[in-house]
Number of protein chains: 2
Amino acid sequence: MKVEMVSVGSELLKGKINTDIAYLGEKLDSIGLAIDRETTVGDDREKIESILQETLNRSDIIITTGGLGPTFDDLTREVMAKVLKKKLVFDREVMHQIAAHFANRDLEMPKNNERQAYIIEGAKVIPNKVGTAPGMIVERKTKAGSKSKVQKASIIIMLPGPPREMKPMVEEVVLPYLKEKYERKILKKSVLHISGLTESAVYEKIQEVVEIERRMEGGILRFSILAHLARIDVEISGEGENELLVDEMLHKARQEIYDCLEDYIYGEGEDTLESVVGGLLLSKRLTLAVAESCTGGLIGDRITDVAGSSVYFKEGIVAYSNEAKVRVLGVKEDTVNEFGAVSRESALEMANGIQRISETDIGLATTGIAGPTGGTAKKPVGLVYVALVWPKMGLEICKEFHFSGKRREIKESTVINGLDILRKALMGKG
Amino acid sequence: MKVEMVSVGSELLKGKINTDIAYLGEKLDSIGLAIDRETTVGDDREKIESILQETLNRSDIIITTGGLGPTFDDLTREVMAKVLKKKLVFDREVMHQIAAHFANRDLEMPKNNERQAYIIEGAKVIPNKVGTAPGMIVERKTKAGSKSKVQKASIIIMLPGPPREMKPMVEEVVLPYLKEKYERKILKKSVLHISGLTESAVYEKIQEVVEIERRMEGGILRFSILAHLARIDVEISGEGENELLVDEMLHKARQEIYDCLEDYIYGEGEDTLESVVGGLLLSKRLTLAVAESCTGGLIGDRITDVAGSSVYFKEGIVAYSNEAKVRVLGVKEDTVNEFGAVSRESALEMANGIQRISETDIGLATTGIAGPTGGTAKKPVGLVYVALVWPKMGLEICKEFHFSGKRREIKESTVINGLDILRKALMGKG
């Protein structure tokens, strides 16, 4: 089954990041369909026509995003109708939905939006619950096994470009539709998230176990390693005919990776460091407060991205000035004067201070030089201390890091490593 | 000049977001070159060969990203050599650079990396200052005006996929190279950033002024409106033969937009709300402290993304629990009990509290319900209060918002609107 994707929009070739490709790729992958090729073209009638014609001739399923809006430069609907040699017909039901969209917002409907009620003849309409442009699925009869190079594609799916409008359509209509039609093989995936190791260190530890493709009785296992900022993912996918066998194969492979990496793996799939840490705090009924200097609030931001975090996260203090470190957190003036605000000593006093004043179980603190200026030969940009105190457990940890990169990367690396120190402490491996 | 881009990497069709397209699109646009089409294919020999052959036959400049790594599934180098009918030759200088990369990091060089020292015969090497894969520029003589459909492309540029490695190559080598070869027309752009208005409200205010294309004596002006989360951009680009005339044209158009939108425009180009606010605080020698509840530290994070922010940003308190709001910020228990932590009254007491204890000029506070749970009929998810106090100016502001979207979107909308309230206050329009 050859699937192609076509993204339409001049802005995508001039600086706007297209996240639709990654989203659709991941969703299709989850039901065992792979995108063979993706092409991006601008809002130009001829260019759109030429790529649509090409894809129709060589692929089985075509998914387009973009170009369904109400204005003059939204051309996908019209050009698709032309290459499919079908009419655009006015759809009363769709018109009604578009009108309701505006009425619900107390807005007058611009005349232009009427264009969006024209649907390719015979298409199945995918309602848009967020915006006005409906999606469409066009099914065409093609001769099975025909070698003709003329318009071989049998399914054409047209979606709006904005992710907020496109994603619900994919989840509610497109995936169930494709799943029913095409999913035959069982395809499952595990993604393990690792922190505290570089990509090559991960590879060294697991190289005996991973291989591109391992053919087994139950089917095929595939491994890959992906590097992110301060995080490595190991992806294992299993493909086969029988769900039980695929599950078993995946389970064994996961176990092999866990045996090699143990606690470096902090979670799987949708897990984030902050959600894992949150789960540990919740289950152990512990509370946390943070004192941030170089991270400026980013640790608090991440922790509070988890719904329900108010149960364990009590307080954060961004003590950006030395004066605030002393006044609010109770860091001794002598400590700041003798060792500097960016020092092991100050970090530990910050962590102790926030734990004490917030009366939480654990205090976590960061102090460092995020740059681009402010570094010295002795304390260069990228030098960061992360401290954790947990008095009931008699725990006082402080780690020194030397990060490279820009200000934002140094902040993010600090946060990931800080959350990982907290995770390990909560697991009793601090 | 027909430019095509080819992105190589299976991960890009399975869930990894490709930011290289947007980056290259923007950079090429800045020197007057437009990407005609972008295609993404996986790490598959046949698929790469087929798209490279197609692009060579129809375009003048081809830029590839990805597939230059050291492992078995990095195929761009080899396949490109094959379609160009050129040899790969060992380059001593490149080998030396790769070996130095590992030596500098006290690492042993894996045998695999030797592959990266093989260069397409006659190619100009683009050194990689961050990683190991060198980029390449291949120039080919093609008959001027030849209508032959065989390998028309005269410039082939191959870049690594990781943005950290690719971007410096583009900025230091590729852009200057293409600029010298192709830039003839003057092309300039202004991007105005707007907050506090919806896309349609912006359009309503400027519709008399903007048009897709305005042909003038100095050249052509183009306008576009792009919507982001809680931010709208108006982009004006000017194209012409004479730099002075283009500048003048752009200047006039900017003025027209400013006349329509006035203070809704908070900045241009690289400006962010936090950098603009930082500039205002700096120039007025004012200091700021923030008290955050629903934003969890995100305001502090944004403010401290600006280098040098320690001059004006003194302190942040993330008072996530009611107890912390009372104990640390001095919000009255009665206020929390009577009006709730998410109320105009609590927001104002939080802002007053943080201003008082930090002894800064201005205190900014947020409190709200970010969801997905915690909402009630009277106080639904998305209800947010932002308060600002500035005692020396006798200023006390509190605004109520009703945001929609997910937890993260509500946090981000709050931050943008909070920073905008601060900006307006600093401009005397609070």
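Residues numbered from 1 in each chain as written. Chains lettered and ligands numbered in written order. Predicted model: local features only at pLDDT ≥ 70, side-chain atom pairs only at ≥ 80, totals over all residues.

Asks: Can you help me understand the overall build of chain A in this one?
Replies: The helix and strand inventory of chain A stands at 13 helices and 18 strands. The principal-axis extent of the C-alpha atoms belonging to chain A is close to 80 × 60 × 40 Å. Residue pairs in contact within chain A that sit at least 24 positions apart in sequence constitute 67% of those at least 6 positions apart. (Helix = DSSP H or I, 4+ residues; strand = E, 2+ residues; numbered from the N terminus. Contact = placed C-beta atoms within 7 Å.)

Asks: Before we go on, may I ask you to explain the sheet that holds strand β18 (residues 395–402) of chain A in this structure?
Replies: Backbone hydrogen bonds hold the strands of a sheet together, and the pairing may be parallel or antiparallel. The strand order across the open sheet built from 10 strands is β18(A)-β17(A)-β16(A)-β14(A)-β15(A)-β15(B)-β14(B)-β16(B)-β17(B)-β18(B), with neighbouring strands paired in mixed fashion. Across the chains shown, the open sheet's two edge strands, defined by having one partner strand only, are β18 of chain A together with β18 (395–402) of chain B. Strand-to-strand twist in this sheet, taken as the mean axis angle between neighbours without regard to direction, amounts to 10°. Here 8 bridges tie strand β17 (residues 383–390) of chain B to β18(B), and the two strands are oriented antiparallel to one another. (Pairing = 2+ DSSP bridges. Axes fitted to C-alpha atoms, helices over the stretch in contact; angles between N-to-C directions.)

Asks: Can you walk me through the nonpolar core in this structure?
Replies: As a rule of thumb, nonpolar side chains are buried together in soluble globular proteins. Grouped together as the largest cluster of nonpolar side chains are 138 residues, with contacts concentrated most on Ala351(A) and Ala351(B). Beyond its immediate chain neighbours, meaning those up to four positions away, Ala351(B) contacts Ala291(B), Gly363(B), Leu364(B), Ala365(B), Ala387(B), Leu388(B) and Val389(B). (Core = buried A, V, L, I, M, F, W, Y, C linked by C-beta atoms within 7 Å. Buried ≥ 20, exposed ≤ 12 C-beta atoms within 10 Å, placed from the backbone.)

Asks: In this structure, what is going on with the domain arrangement of chain A? I would like to understand it.
Replies: Interface size, as often reported, equals the accessible area lost upon joining of the parts. Segmenting chain A into domains produces domain 1 (3–182), domain 2 (186–268) and domain 3 (273–426). Just the C-alpha atoms count here: the centres of domain 1 of chain A and domain 3 of chain A sit 47 Å apart. (Domains from an automatic or database assignment.)

Asks: Help me understand the interface of chain B and chain A, please; the structure alone is not making it clear to me.
Replies: Tallying the contact residues gives 49 residues for chain B and 50 residues for chain A. Secondary-structure elements contributing two or more residues to the side of chain B that touches chain A are α1 (20–30), β2 (35–41), α9 (298–303), β15 (313–319) and α13 (407–426) of chain B. When its residues are assigned to classes, the side of chain B that touches chain A shows 21 nonpolar, 15 polar and 13 charged. (Nonpolar A, V, L, I, M, F, W, Y, C, P; charged D, E, K, R; others polar.)

Asks: How do you make sense of the sheet that holds strand β10 (residues 213–216) of chain A when you look at a structure like this?
Replies: Residues and elements named next belong to chain A. The strand order across the open sheet built from 5 strands is β10-β11-β12-β9-β13, with neighbouring strands paired in antiparallel fashion. Strand pairing shows two members of the sheet lacking a second neighbour, β10 and β13 (265–268), which therefore form its edges. Adjacent strand axes in the sheet meet at a mean angle of 20° when their direction is disregarded. Bridging between strand β9 (residues 186–194) and strand β12 (residues 231–240) involves 9 bridges; their strand directions are antiparallel. Looking at the pairing, Lys189 lines up with Ser237 of β12.

Asks: Mind showing me how you'd approach helix α12 (residues 344–358) of chain B here?
Replies: Since the α-helix packs 3.6 residues into each turn, any two residues three or four apart lie on the same face. Residues and elements named next belong to chain B. Over its 15 residues, α12 runs 21 Å from end to end, which matches the ideal 21 Å to within 8%, given 1.5 Å per residue. For α12, the full list of buried residues reads Ser346, Ala347, Leu348, Glu349, Met350, Ala351, Asn352, Gly353, Ile354, Gln355 and Ser358. Note on α12: the residue one or two positions beyond its end, Glu359, has a positive phi of about 55°. (Expected span 1.5 Å × (residues − 1).)

Asks: What exactly am I supposed to notice about the relation of the copies chain B and chain A here?
Replies: For the pair of chain copies, the relating transformation is a rotation about an axis with a translation along it. The two copies are related by a screw motion: chain B maps onto chain A through a turn of 180° and a shift of 0.1 Å along the axis, at an RMSD of 0.2 Å. Classification of the inter-copy transformation places it as that of a two-fold axis. Of the residues that chain B buries at the interface, 100% are likewise interface residues in chain A, meaning the two copies contact each other through the same surface. (Least-squares fit on C-alpha atoms with pLDDT ≥ 70 in both.)

Asks: What should I look at first to understand the pairing of β10(A) in this one?
Replies: Regular strands place their side chains on alternate faces of the sheet. Residues and elements named next belong to chain A. In this structure, β10 lies alongside strand β11 (residues 219–228), joined through 4 bridges in antiparallel fashion. Considered in β11, the bridge of Glu213 is made with Arg222. Connecting β10 to the next strand, β11, in antiparallel fashion are 2 residues.

Asks: Help me out: how do you make sense of unusual backbone geometry in this one?
Replies: Across the chain, the bulk of peptide bonds are trans and the bulk of non-glycine residues have phi less than zero. Residues and elements named next belong to chain A. Note that the residue after Gly371, namely Pro372, is joined by a cis bond; omega there is 0°. Phi angles above zero are rare outside glycine, and Lys85 is one such case at about 55°. Relative to the elements of secondary structure, Lys85 occurs in the loop between α3 (76–84) and β4 (88–90). C-beta crowding within 10 Å serves as the criterion here: with 8 such atoms nearby, Lys85 is assigned to the exposed category.

Asks: How should helix α2 (residues 45–58) of chain A be read in this particular structure?
Replies: All names here are of chain A. Taking 1.5 Å as the rise per residue, α2 with 14 residues should run 20 Å; its terminal C-alpha atoms sit 20 Å apart, in good agreement. Every buried residue of α2 is accounted for by Ile48, Ile51, Leu52, Thr55 and Leu56. All buried residues of α2 fall inside an arc of 135° around its axis, so they share one side. Of the surrounding secondary structure, the elements contacted by the buried residues of α2 are β1 (3–8), β2 (35–41), β3 (61–65) and α3. (Arc of directions from axis to C-beta.)

Asks: Help me understand the environment of Met427(B), please; the structure alone is not making it clear to me.
Replies: As for its placement among the helices and strands, Met427(B) is situated in the segment after α13. Through-space distance from the C-alpha of Met427(B) to that of Arg92(B) is 60 Å; in sequence the pair is 335 residues apart.

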